[in-house]
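Each chain, written out:
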2 protein chains.
Amino acid sequence: MRAGLTASRPGGRQQHGTNDLGKDTGKGSGPGRRGGYNGFSYADISDAIGIRKASIHHHFPTKAELAAVVVDRYTQQAQRGLKSLSQQVPAPAEQLQAYLGYWQGCILDAFQSFWVCAMLAGEMQMLPEDVASRVRAHFRNLAGWLTSILKAGTEQGKFQFNKLPEEEAQILMASVHGAMLSARALGDPNIFLVIVSPRIARLRAQNGQARPE
Amino acid sequence: MRAGLTASRPGGRQQHGTNDLGKDTGKGSGPGRRGGYNGFSYADISDAIGIRKASIHHHFPTKAELAAVVVDRYTQQAQRGLKSLSQQVPAPAEQLQAYLGYWQGCILDAFQSFWVCAMLAGEMQMLPEDVASRVRAHFRNLAGWLTSILKAGTEQGKFQFNKLPEEEAQILMASVHGAMLSARALGDPNIFLVIVSPRIARLRAQNGQARPE
DNA sequence: GCTTGATTACCTACTAGTAGGTAGGTTCAC
DNA sequence: GTGAACCTACCTACTAGTAGGTAATCAAGC
């Protein structure tokens, strides 16, 4: 089984006159060029995992379904990660720090679950509804987790802020996303911490230590 | 004219039995579905401006060149806008407010220059270098403008912050980008102001008025 | 233990349509 | 008459998706 593969294809689709003027249209060739909803194809996946295109269609009939499952899985993965983080690391401040650490890892590796969802968020208005709704859910989850961390932090007297925890969580989340975007756009990973660190510092600042903003 | 084309192809491709079960593959049909580097095509532009695909190639031989020119133009447009804003509106605080107002307009209209560049920033690692470098330039310009506004504001005693203006500018820029992303992802335009307003308020806060952050 | 029959996973071969891009011709202003 | 702007007609490669087949697995039913 799984013998012939494409190499030994007999009479199928002899292209017009294409003898190896490769052309390199700038797509598909080489890695690191793809991403986002329009940036991948069944063929890409087929190449990557070594299973034929049609077989992928067997499992995920349409691209929208495929993307929805991917985002679903990423969301669940992220949720599990955040949950276990909450359980293993007791201090809210450290949880937040670990969260940021994860994001820092995303700066260079674009295929982390968080970043995939963030990138799709940028394409929101052109996503199939099934995908968009899942990206929305991912953002809600993230905001929810951050809110709970902030609440726990204030209850323990570790954090202090004069907004609603929900609002502060939104601010934090946006800060991280914006910082990622800037770090990538400017090609400078340091930018991430320049932007994000002060936010965290401020949360802890007014906590008796009178740390200057 | 415009006779033959594919319709009159002689021996080619008669399909199984697929008569007009439209299927709607989810692409190309309907507006508002496209964006980003992989999200538009020469054909799209051709349809939009009523000039044939080949003619667009005459002006912009490759897609990378086309995108580079678009980003260039958007960058220049943004720069002109920011410059005239600096000239027409004297107060730094109002300039900042106008800047945010512009972004608010982007929440619903995805084809504003700022947002196009922000979206491309999300795709940074898969952009042709000629495009990526221009997106980088756009971000640098934006940061530069914000820095100058912040400097002017502090010199006039209107703003106060204990970081470098460059850093504060980066924070502000990231805040706006992140806020846009959240507003779009969550489908809630209000989120934008929830995130961004406090930042602006804080800049002015310590300015004698002791406005609670 | 065998044979069924359904289910599953995967395959080859194909489809219509679209992608970016090119060849070569026409039209028109300078 | 030169050159830019624009065109038709075409190209190859790739897109999502389909048709239909093969091999393996597994639960009956005998």
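The following paragraphs examine the structure supplied in this document. (Residues numbered from 1 in each chain as written. Chains lettered and ligands numbered in written order. Predicted model: local features only at pLDDT ≥ 70, side-chain atom pairs only at ≥ 80, totals over all residues. Heavy atoms only, no water.)

## Looking at the overall build of chain A
Then, number 1: Each helix and strand counted, chain A has eight helices and zero strands in total.
Then, number 2: Ordering the α and β elements of chain A from the N terminus gives α-α-α-α-α-α-α-α.
Then, number 3: Taking contacts inside chain A between residues at least 6 apart in sequence as the whole, the part at least 24 apart equals 59%.
Then, number 4: Total accessible area on chain A is roughly 11200 Å²; 54% of this is exposed by carbon and sulfur atoms. (Helix = DSSP H or I, 4+ residues; strand = E, 2+ residues; numbered from the N terminus. Contact = heavy atoms within 4.5 Å. Areas by Shrake-Rupley, 256 points an atom, 1.4 Å probe, with all protein chains shown as cover.)

## Considering the relation of the copies chain A and chain B
Then, number 1: The operation relating chain A to chain B is a screw motion whose rotation component is 180°, with 0.0 Å of axial translation and a residual RMSD of 0.1 Å. What the rotation and shift describe, once combined, is the action of a two-fold rotation axis. In terms of proximity to the rotation axis, the leading residue of chain A is G178 of chain A, whose C-alpha is 2.1 Å off the axis.
Then, number 2: A symmetric contact is evident, with 100% of the interface residues of chain A recurring at the interface of chain B. (Least-squares fit on C-alpha atoms with pLDDT ≥ 70 in both.)

## A closer look at the nonpolar core
Then, number 1: Judged by nonpolar contacts, the single largest core of 114 residues is most densely connected at Y99 and W103 of chain A together with Y99 and W103 of chain B.
Then, number 2: The contacts of W103 of chain A, once residues within four sequence positions are left out, are F114, W115, A118, V176, H177, M180 and F192 of chain A. (Core = buried A, V, L, I, M, F, W, Y, C linked by side-chain atoms within 4.5 Å. Buried < 20%, exposed > 50% of the residue type's maximum accessible area, 1.4 Å probe, protein only.)

## Here we look at the pattern of salt bridges
Then, number 1: Per the counting criterion, the structure on display carries ten salt bridges over all chains.
Then, number 2: A salt bridge links R134 of chain A to D72 of chain A, with the shortest nitrogen-to-oxygen separation between them at 2.9 Å. Note that R134 of chain A is positioned in helix 6 (residues 129-155) and D72 of chain A in helix 3 (residues 63-88), a separation of 62 residues in sequence.
Then, number 3: Among the ionic pairs, E168 of chain B bridges to K163 of chain B, the shortest N-O distance being 3.7 Å.
Then, number 4: Owing to a relative accessible area of 2%, E168 of chain B belongs among the buried residues under this scheme.
Then, number 5: Among the residues examined, K163 of chain B registers a relative accessible area of 16% and is labelled buried.
Then, number 6: Through salt bridges with shared partners, a single network forms among K163, E168 and R199 of chain A. (Salt bridge = Lys/Arg side-chain N within 4 Å of Asp/Glu carboxyl O.)

## Let's talk about the interface of chain A and chain B
Then, number 1: Residue-level contacts link 46 residues of chain A with 47 residues of chain B.
Then, number 2: Summing both sides of the interface, chain A and chain B together bury roughly 4000 Å²; the carbon and sulfur share of this comes to 57%.
Then, number 3: At the boundary of chain A with chain B, the tally comes to zero salt bridges.
Then, number 4: Counting every contact that joins chain A to chain B gives two residue pairs in polar contact (both at pLDDT 80 or more).
Then, number 5: For the side of chain A that touches chain B, the secondary structure elements donating two or more residues are helix 5 (113-122), helix 6, helix 7 (165-185) and helix 8 (190-205) of chain A.
Then, number 6: With 13 residues, helix 7 of chain A is the single largest residue contributor to the side of chain A that touches chain B.
Then, number 7: For the side of chain A that touches chain B, the per-class residue count stands at 21 nonpolar, 14 polar and eleven charged. (Buried area = accessible area lost by both parts, 1.4 Å probe. Polar contact = N/O pair within 3.5 Å; in protein donor to acceptor, adjacent residues only side chain to side chain. Nonpolar A, V, L, I, M, F, W, Y, C, P; charged D, E, K, R; others polar.)

## Re the packing of aromatic side chains
Residues and elements named next belong to chain A.
Then, number 1: Applying the stated criterion across every chain yields a total of twelve aromatic pairs over all chains.
Then, number 2: Through a chain of ring-to-ring contacts, the aromatic side chains of Y99, Y102, W103, F114 and W145 assemble into a single cluster.
Then, number 3: The positively charged end of K63 is found above the aromatic ring belonging to Y37, 4.9 Å away from the centroid. (Phe/Tyr/Trp six-rings, centres within 6.5 Å; stacked < 30°, edge-to-face > 60°. Lys NZ or Arg CZ within 6 Å of the ring centre and 35° of its normal.)

## Structural notes on the packing of helix 4 (residues 92-108) of chain B against helix 7 (residues 165-186) of chain B
Residue and element names in this part refer to chain B.
Then, number 1: Direction vectors running N to C along helix 4 and helix 7 enclose 25°, while the axes themselves pass 10 Å from each other. As summarised for this structure, helix 4 and helix 7 are arranged roughly parallel, according to the angle between their axes. As helix 4 packs across helix 7, the resulting crossing turns out to be right-handed. Residues L96, Y99, L100, W103, C106 and I107 of helix 4 form the contact with helix 7, whose participating residues are L172, V176, H177, M180, A183 and R184. (Axes fitted to C-alpha atoms, helices over the stretch in contact; angles between N-to-C directions. Parallel < 35°, antiparallel > 145°, perpendicular 65-115°, else oblique. Left-handed = near helix turned anticlockwise from the far one by under 90°.)

## Side note on the side chain of E123 of chain B
Then, number 1: Positionally, E123 of chain B belongs in the loop between helix 5 (113-122) and helix 6 (129-155).
Then, number 2: Notably, E123 of chain B is buried but unbridged: the nearest opposite-charge side chain belongs to K63 of chain B, and the N-O separation is 8.8 Å.
Then, number 3: Non-local contacts of E123 of chain B, meaning those with residues more than four positions away in its chain, are made with E123 of chain A together with G36, Y37 and N38 of chain B. (Lys, Arg positive; Asp, Glu negative; His and termini not counted.)

## Focus on helix 5 of chain A
Then, number 1: Burial within helix 5 of chain A is extensive, with ten of its ten residues counted as buried.
Then, number 2: Inspection of helix 5 of chain A places S113, F114, W115, V116, C117, A118, M119, L120, A121 and G122 of chain A among the buried residues, and these make up the whole buried set.
Then, number 3: Considering only its buried residues, helix 5 of chain A is in contact with helix 3, helix 4 (92-108), helix 6 and helix 7 of chain A together with helix 5 and helix 7 of chain B.

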